[in-house]
Amino acid sequence: MPRLPAVRRAELEDALTVELVTVVTGARRRALRDGDRQIDTAHLLHSLVEGDPETAAVFEGSHQQARVLGYLVQRSIGYGLRWQRSVEDTGSDLPAVRGEESAAAGWSPAAAAALAGAFERAALRGGRRVRGLDLLAALAADPGNRAAEVLRRAGVDRQDLALRIGELSQQV
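Procedures and definitions
Residues numbered from 1 in each chain as written. Predicted model: local features only at pLDDT ≥ 70, side-chain atom pairs only at ≥ 80, totals over all residues. Heavy atoms only, no water. Helix = DSSP H or I, 4+ residues; strand = E, 2+ residues; numbered from the N terminus. Buried < 20%, exposed > 50% of the residue type's maximum accessible area, 1.4 Å probe, protein only. Contact = heavy atoms within 4.5 Å. Salt bridge = Lys/Arg side-chain N within 4 Å of Asp/Glu carboxyl O. Core = buried A, V, L, I, M, F, W, Y, C linked by side-chain atoms within 4.5 Å.

**Side note on the side chain of H46**
Here H46 shows up in helix α3 (residues 41-51). By relative accessible area, H46 is classed as buried at 6%. The residues touching H46, leaving out its near neighbours within four places in the chain, are R30, L69, L72 and V73.

What follows is the structure, encoded as structure tokens:
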């Protein structure tokens, strides 16, 4: 499993689908615009839901997707203000890239752990490239990250989401 900071940007982009490269680029832009030093899991979730049709399709209808986006939009004006300029860590058992390595790469430890988990999931399914569903599954697997908090607040059951991701992954 590649460790995120050891992977150069070009190598990272080669390992992701075109859609996921767009998602990561959007998350990076969103982080800069929000004044955050690092891409966090909420940035990734926001870009996934907005920019990856396969990921958007896994939610229970457009109403659930709209609720998730609503909470993500509120990030800069509401409850997300407490996140600004703070480092997102993960409290789960997922492997995380910690400390200066993660910060130097521009990823929060939790976001780096999610991307590493997405690489692992892609490898387990025999995929050559990491897809948006791989990243969404990894984001939802860590109950302590910001993306999981947004999903909870939006009324998304993470176990049901994981089942739908598994079903959709088998169809593709």
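**Quick word on the pattern of salt bridges**
Under the definition given, this model contains seven salt bridges. The partner of D134 in a salt bridge is R121, and the shortest N-O contact between them spans 2.6 Å. Pair noted here: D134 is in helix α8 (residues 132-141) and R121 is in helix α7 (residues 109-124), with a separation of 13 residues, a long-range link. The class of R121 is partly exposed, set by a relative accessible area of 22%. When salt bridges that share partners are traced, they join R121, R125 and D134 into one network.

**Brief notes about the nonpolar core**
Formed by 43 residues in total, the largest nonpolar core has its most connected members in L16, L45, V68, W107, L135 and L161. For this core, the secondary structure elements donating two or more residues are α1 (9-15), α2 (18-34), α3, α5 (61-74), α7, α8, α9 (146-153) and α10 (158-171).

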